[in-house]
Amino acid sequence: MEWKMAPSGMAEAAGKVIATLHAAGREAYFVGGCIRDELLGRPVHDMDLTTSALPEEVMAMFTRCVPTGLAHGTVTVLQDGYSFEVTTYRTESGYADHRRPEHVFFVSDVQEDLRRRDFTINAICCGLDGQLVDPFGGAADLKHRLIRCVGTAEERFDEDALRMLRCVRFASVLDFAIAKNTWRGLLRQRDKLAHIAVERLRAELERMIEGPHPARGLGLLARSGLLPRGKAPFPWTGSDMAAAAALLAGIGELPGALLRWALLLHALKTPAAEADALMRAWTFPGATRSAVTSVLRVREAWTAALAEVPPESPGGTEALRRRWIATVLALGTSAAEGWLTLLEAVPEAASSQQRLGLAQSGPGASVQLHLAMQGLGSALAEQVDPSEPKTGKAAVQPSGAPALSTGLLRSWSASMPLQTLAELAVTGNELAVAMQKRPGPWLGELLHALLQAVAAGDIANNKQSLLQEAKRMDNDE
């Protein structure tokens, strides 16, 4: 077979493994995802092989191999720096937990092996001669951009309930349709998703969110009703998901999974604290939870600032600049930039309350925010360069209010001469000595006050100025 989408070294090494099996009188083929991706013109990152040889025969043929799953017929063969899972033709039965088969039987017919697989597009194998073995029409389904189960969909989903999420994930990542019978089978078996471990569900969702068409996957998930039936908490209804869709059209344009998760939670009006608890329940790593919730905390801090600062009062613009700088200092430049990038991904047509992800209810909150933002826009109008070309940068204001661009907030961030306590030209010990006080809670408060003053441009970041300002602050108390 002539591979166009796989690294040549990997393809050659896999070919050697197949040739060795052939030399021993056994059948062997490339199978599954590598064939699918090659036919689609997608990069091939790994290659799985299937063979008529029994596991112990495979291990006897190769000096470097690992018995990774002998009960299921899988041996990992190491060849020329690459690893290949070589699995004996098999059939399966008795899926008591709707995930793993209780009984595995080795067979001699490759078509019987392909019959047990999930979707037709994954049930294709190919020999060294380039001839496809495709008894279920997987190549045709690839051509027609269709996800279809092998055999009866209800049986496939009953055997392994995770296949339902895999179905949605493949449709999302490949931008394929789902066959009607497969979709009906999914709806009939969706309650079985409760048998699947949360970690497995999260892994499928991550691959979907990180893929090229996450909005499509989220739409299918909303229609399927799958997630509320899983083990992890899912506090949103189908109506909530449908309402959030207006904000999610640009999710695929966001760089990286962290901002995509942040936009999803933002669109669902999830407070940062609740988002943290949900992500913990969904077994997300701590670093991921922290990064996502920090972006949402920037949202909360900034929307609170917009609602609290009287826009018509003198100095409103400067007060908001200081609030933004305080937010950046508290939550970090990465989170602040993440929030601005997220805002730019929200469609211009969304309402101000949608764009800002307000969780408040009732007319008071909406009116207060509208007035705050309208006045803020007026105050800032003279600071926005009217000659600046329109590049789609988000305007953080309701319809009809003058623009407060994300570019302006970025300029405030860029103007900060420092962003962390470590950059201050005075240490806590130096302050305590100069103030002739024992270190205590007051010291941390004073350091942060000095940090805010330097970041806002009130004083220079040198030791003499900082010590003088510290004494003034202490006297004012």
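All figures in this text were calculated on a predicted structure; none of them were measured in a lab.

Caption draft 1: Region of the structure containing the overall build of the protein chain. From N to C terminus, the protein chain includes 22 helices and 11 strands. A burial count over the protein chain gives 48% of its 477 residues as buried. Of all intrachain contacts in the protein chain linking residues separated by at least 6 positions in sequence, the fraction that spans at least 24 positions is 67%. When the accessible surface of the protein chain is totalled, it reaches about 21,700 Å², and 51% of it is carbon and sulfur.

Caption draft 2: Geometry of the environment of His448. Among the secondary structure elements, His448 is positioned in helix α21 (residues 441–455). The exposure class assigned to His448 is partly exposed, which follows from its relative accessible area of 48%. Each C-alpha atom of the pair His448 and Ala330 lies 9.6 Å from the other, and the pair is 118 residues apart in sequence.

Caption draft 3: Expanded view of the confidence of the model for the protein chain. On average, the protein chain scores 88 in pLDDT, and the residues at 70 or more come to 86%. Across residues 357–392, confidence stays below pLDDT 50; counting only partners more than four residues off in sequence or on other chains, it has 47 contacts. Contacts from residues 395–403, a stretch scored under 50 in pLDDT, to residues over four places away or in other chains number 26 contacts.

Caption draft 4: Quick peek at the layout of surface pockets. There is about 1,500 Å³ of room inside the largest pocket. What lines the largest pocket is a set of 40 residues, among which Asp48, Glu85, Arg117, Asp118 and Arg166 lie closest to the centre. Among the elements of the structure, α2 (33–40), β2 (48–51), β5 (82–88), β6 (90–93), α7 (162–174) and α9 (198–209) are those that each provide at least two residues to the lining of the largest pocket. In terms of residue count, the dominant contributor to the lining of the largest pocket is α7 (7 residues). Residues of the lining of the largest pocket, tallied by class, amount to 13 nonpolar, 7 polar and 20 charged.

Caption draft 5: Seen up close, the side chain of Arg202. Secondary-structure assignment places Arg202 in helix α9. By relative accessible area, which is 15% here, Arg202 ends up buried. Of note is the side chain of Arg202, whose polar atom sits 2.8 Å from the side chain of Thr283. Apart from the residues within four sequence positions on either side, Arg202 is in contact with Trp282, Thr283 and Phe284.

Caption draft 6: Layout of the sheet that holds β2. Pairing within the open sheet is mixed, and its 7 strands lie in the order β3-β4-β5-β2-β1-β8-β9. A single partner strand is all that each edge strand has here, and the edge strands are β3 (65–69) and β9 (132–133). Here helix α1 (residues 8–23) sits on the sheet in contact with β1 (28–31), β2, β4 (74–79) and β5, set at roughly 35° to β5. Against the sheet, α2 makes contact with β1, β2, β8 (125–126) and β9, and its axis sits at roughly 60° relative to β1, the strand it touches most.

Caption draft 7: Broad picture of the packing of helix α14 (residues 286–308) against helix α16 (residues 333–345). At their nearest, the axes of α14 and α16 sit 8 Å apart, and the two run at 75° to each other. Considered as vectors, α14 and α16 are oriented roughly perpendicular to each other. Only Ala335, Ala336, Gly338, Trp339 and Leu342 of α16 make contact with α14, whose side of the interface consists of Ser294, Val295, Val298, Arg299 and Trp302. Each residue belonging to the contact of α14 with α16 can be placed in one class, and the counts come to 7 nonpolar, 2 polar and 1 charged.

Reading guide: rules and limits
- Residues numbered from 1 in each chain as written.
- Predicted model: local features only at pLDDT ≥ 70, side-chain atom pairs only at ≥ 80, totals over all residues.
- Heavy atoms only, no water.
- Helix = DSSP H or I, 4+ residues; strand = E, 2+ residues; numbered from the N terminus.
- Buried < 20%, exposed > 50% of the residue type's maximum accessible area, 1.4 Å probe, protein only.
- Contact = heavy atoms within 4.5 Å.
- Areas by Shrake-Rupley, 256 points an atom, 1.4 Å probe, with all protein chains shown as cover.
- pLDDT = per-residue confidence, 0-100.
- 1 Å grid on protein atoms, 1.4 Å probe; cavity = no way out; pocket = protein on both sides within 12 Å on 5 of 7 lines; lining within 4 Å.
- Points joined across faces, edges and corners; volume = space filled by probe spheres on them.
- Nonpolar A, V, L, I, M, F, W, Y, C, P; charged D, E, K, R; others polar.
- Polar contact = N/O pair within 3.5 Å; in protein donor to acceptor, adjacent residues only side chain to side chain.
- Pairing = 2+ DSSP bridges.
- Axes fitted to C-alpha atoms, helices over the stretch in contact; angles between N-to-C directions.
- Parallel < 35°, antiparallel > 145°, perpendicular 65-115°, else oblique.

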